[in-house]
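As a plain string of letters, each chain reads:
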Amino acid sequence: MATAIKVENLSKIYRLGEIGTGTISRDVERWVKMNVLGKEDPFLKIGEYNNQSEKGNSDLVYSLQDLNFEIQQGDAVGIIGRNGAGKSTLLKILSRVTKPTTGKVNVKGRVASLLEVGTGFHPELTGTENIYLNGSILGMRKKEIDRKFDEIVDFSGVERYIDTPVKRYSSGMYVRLAFAVAAHLESEILIVDEVLAVGDAEFQKKCLGKMGEISKGEGRTVLFVSHNMAAVKKLCNKGILLKRGRLDYNGNQLEAVQYYQNFKGTNRSFEHQGSKDTAPGNNNIRILKFDVVPQEGELLTMFSGVSFKLKFYNFEQDKNIDVTVEVSNNDDVIIFHNGVIVTKNNDSKVGVYEVNLALPKQFFNAGFYNIKILFGENQRYLLYQNDCIASFEVIQETAGSNSSRLPGVAFPKISYEIKQLPNDSK
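Residues numbered from 1 in each chain as written. Predicted model: local features only at pLDDT ≥ 70, side-chain atom pairs only at ≥ 80, totals over all residues. Heavy atoms only, no water.

1. Some details on the overall build of the protein chain
The condition that has to hold: Helix and strand definitions here come from DSSP, where helices need a minimum of 4 consecutive H or I residues and strands a minimum of 2 consecutive E residues; each element is numbered from the N-terminal end. Burial status follows relative accessibility: with a 1.4 Å probe on protein chains alone, a residue under 20% of its type maximum counts as buried, one over 50% as exposed, and anything between as partly exposed. Only heavy atoms enter the contact rule, under which two residues are in contact if any of them lie within 4.5 Å. Surface accessibility follows the Shrake-Rupley procedure with a 1.4 Å probe radius. Residue values consider only the protein chains on display as shielding.
Secondary structure summary: the protein chain contains 8 helices and 18 strands in total. The proportion of buried residues among the 426 residues of the protein chain is 44%. For the protein chain, the share of sequence-separated contacts (at least 6 apart) that also reach a separation of at least 24 residues comes to 67%. When the accessible surface of the protein chain is split by element, carbon and sulfur atoms take 48% of a total near 23,100 Å².

2. A look at the pattern of salt bridges
Put simply, the rule reads: Whenever Lys or Arg places a side-chain nitrogen within 4 Å of a carboxyl oxygen from Asp or Glu, that contact is recorded as a salt bridge.
According to the stated counting rule, one finds 13 salt bridges in the structure shown. Note that Lys210 is salt-bridged to Glu213, the shortest N-O span being 3.2 Å. Taken together, the positions of Lys210 and Glu213, both in helix α6 (residues 201–217) and 3 residues apart, correspond to about one turn of that helix. Among the residues examined, Lys210 registers a relative accessible area of 7% and is labelled buried. On the basis of relative accessibility, which here comes to 42%, the residue Glu213 falls in the partly exposed class. For Glu316, the salt bridge is made with Lys319, and the minimal N-O distance between the two is 2.9 Å. Residue classification places Lys319 among the partly exposed positions, given a relative accessible area of 24%.

3. Remarks on the packing of helix α3 (residues 127–137) against helix α4 (residues 142–156)
This is how it is decided: Helix axes use the C-alpha atoms of the stretch in contact, all axes being lines fitted to C-alpha atoms, and the angles between their N-to-C directions lie in the range 0 to 180 degrees. Roughly parallel means an angle under 35 degrees; roughly antiparallel means over 145; roughly perpendicular covers 65 to 115; every other angle is labelled oblique. What makes a crossing left-handed is the near helix being turned counterclockwise from the far one by less than a right angle; a clockwise turn instead makes it right-handed.
Running from N to C, α3 and α4 cross one another at 130 degrees; their axes reach a closest spacing of 10 Å. The orientation of α3 with respect to α4, classified from their angle, is oblique. The crossing of α3 and α4 is right-handed. In this structure, α3 contributes Thr128, Ile131, Tyr132, Gly135 and Ser136 to the contact, and α4 contributes Lys142, Ile145, Asp146, Phe149, Ile152 and Val153.

4. Structural notes on the sheet that holds strand β6 (residues 111–114)
Let me state the cut-off plainly: A pair of strands is considered paired only if DSSP assigns at least 2 bridges between the two.
With respect to topology, 6 strands assemble into an open sheet ordered β6-β7-β8-β4-β9-β10, the strand pairing being mixed. Looking at strand neighbours, the two that pair on one side only are β6 and β10 (246–252), the edges of this open sheet. Each strand axis lies, on average, 15 degrees off the axis of its neighbour in the sheet, ignoring direction. Docked against the sheet, helix α5 (residues 171–184) engages β6 and β7 (189–192), running at close to 160 degrees with respect to β6.

5. Things to note about the sheet that holds strand β14 (residues 321–329)
The 4 strands lie next to each other as β15-β14-β17-β18, forming an open sheet whose pairing is antiparallel. Both edges of this open sheet fall to β15 (334–341) and β18 (381–394), since each of them pairs with a single strand only. Neighbour-to-neighbour, the strand axes of this sheet turn through a mean angle of 15 degrees, independent of strand direction. Alignment of β14 against β15, held across 7 bridges, turns out to be antiparallel. Its bridge partner being in β15, Glu326 is matched across the sheet by His337.

6. Here's the deal with the nonpolar core
Cut-off, in case you're wondering: Throughout, nonpolar core names a set of buried Ala, Val, Leu, Ile, Met, Phe, Trp, Tyr and Cys residues whose side chains join them through atoms within 4.5 Å.
Formed by 45 residues in total, the largest nonpolar core has its most connected members in Ile80, Ile131, Leu177, Phe179, Leu190 and Met211. With 9 residues, α5 is the single largest residue contributor to this core. If you look at the next biggest cluster of nonpolar residues, it comprises 33 residues, including Val327, Ile371, Phe392 and Val394.

7. Looking at the confidence of the model for the protein chain
Keep this limit in mind: What pLDDT reports is the predictor's confidence in each residue, on a scale of 0 through 100.
Summarising the model, the protein chain shows a mean pLDDT of 82, and 86% of its residues fall at 70 or more. Here strand β2 (residues 48–49) stands out as the element of the protein chain with the lowest mean pLDDT, 45, in contrast to strand β13 (residues 306–314), whose mean of 94 is the highest. Every residue in residues 45–57 scores below 50 in pLDDT, and together they form 20 contacts with partners more than four places removed in sequence or on other chains. Taken as a whole, residues 399–403 scores under 50 in pLDDT and shows 11 contacts with residues more than four places along the chain or in a different chain.

8. Observations concerning the packing of aromatic side chains
The condition that has to hold: Working definition: a ring pair exists when centres of Phe, Tyr or Trp rings (six-membered ring for Trp) sit within 6.5 Å. Plane angles under 30 degrees give stacked, over 60 give edge-to-face, the rest tilted. Two limits define a charge over a ring: the Lys NZ or Arg CZ must be within 6 Å of the ring centre, and within 35 degrees of the ring normal.
Scanning the model with the defined rule gives 15 aromatic pairs in all. Ring centres of Phe375 and Tyr384 lie 6.3 Å apart, and the angle between their planes is 25 degrees; on these two criteria the pair is classed as stacked. Grouping residues by exposure puts Phe375 and Tyr384 together as buried. Here the aromatic cluster, defined as three or more aromatic residues joined through ring pairs, consists of Phe290, Phe308, Phe336, Phe363, Phe364, Tyr369 and Phe392. Directly above the aromatic system of Phe155 lies the positively charged group of Lys206, at a separation of 4.6 Å from the ring centroid. Taking NZ or CZ as reference, Lys276 lies 4.9 Å from the ring centre of Tyr313, over its face.

9. Some thoughts on the packing of α4 against α5
Axis separation between α4 and α5 bottoms out at 8 Å; the angle between their running directions is 140 degrees. Comparing the axis directions of α4 and α5 gives the class oblique. Crossing geometry of α4 relative to α5 is assigned as right-handed. From α4, Lys148, Glu151, Ile152, Phe155 and Ser156 reach across to α5, where they touch Arg176, Leu177, Phe179, Ala180, Val181 and His184.

10. Some points on α5
To keep it simple, the criterion reads: Every helix has an expected span of 1.5 Å times one less than the residues it contains.
The terminal C-alpha atoms of α5, which comprises 14 residues, lie 20 Å apart, in line with the 20 Å expected from a rise of 1.5 Å per residue. By the criterion of burial, α5 is predominantly enclosed, with 12 of the 14 residues buried. What α5 keeps buried is the set Gly172, Met173, Tyr174, Val175, Leu177, Ala178, Phe179, Ala180, Val181, Ala182, Ala183 and His184.

Have a look at this one:
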């Protein structure tokens, strides 16, 4: 099978803060060494891996570092990893939106990309005009686009607004039309970032079905970045796992997802040691402690009940502070997103606060879960968020593991009323 994409020694480095070297003489030196002498950029030799939670010593960070892989024609590849792993940067390089710092990328065939809301569309042009513009960019002739036009409009569901400038579209309408254009125009490679999260559930399902049809039925190559592990397992036949800009796994999609989920691990308790100023957080909030504990017994089971205990240091004086807890399973399906107002009358004080949350028995099904914490002001402004402060495993008590979990993402306690009716009842 022919190779559609080949990546060799690919790295991408970004400078934090201001763009440029700081002086004109250094900019000239950089240009001469790179473009005249053909040498490496002397100001990009020192870099750190991209760990967003830690303060580094250099203002140069690797978004991607030394990637090597090949993608075959007709493969559907799920690109997975935590936030900041370099997934979107990789897609931008493959789509030729940005250049790599070092290394080579060979792409065989035309690429249609859907990277973020607004990419590839001119806001002043109508939906119709943007369809023809995108087709022309891909090298298609007007007759070829004419042939696909009705199919694109029908799939997008925005026929009523197709002659309206797209700047007046909602984000959902924008994504509907953008995906329809990218999926139906005749490109050999389709690249889709997590933008499908903007659409409603019905349209997401429709898009996933179309991507499956493209890869399996039409033999086109699909690259798909998603936090929805269930979709990756169903749609893709290959998986690439990125960790802090490096290639951590490349192979079967089921194994890639399993490797990613195992990598998350379980860490039910977190307690910061040392000065509060070095605890996870920022100048607004610092997390000092977080615990996941069973309400009964020592094991977290489907019948034990679960409590979350949070302790944090607040630097915000006279504000309305709120805390939101978001729990997702290992397929990154959100189980709940629920918050509490900590201070209600602009009376927050600088100091330590504690928030405890209790969930009843028979709430969680057996499985692995991850906890995200968000701190806000007036339920509008984000002060700080930690994407995975803790993770935990709920076991099936009778089995002693989560291997025999029941279907579904939750295990609710439901009251049933059962009665037998007379034979002559209707």
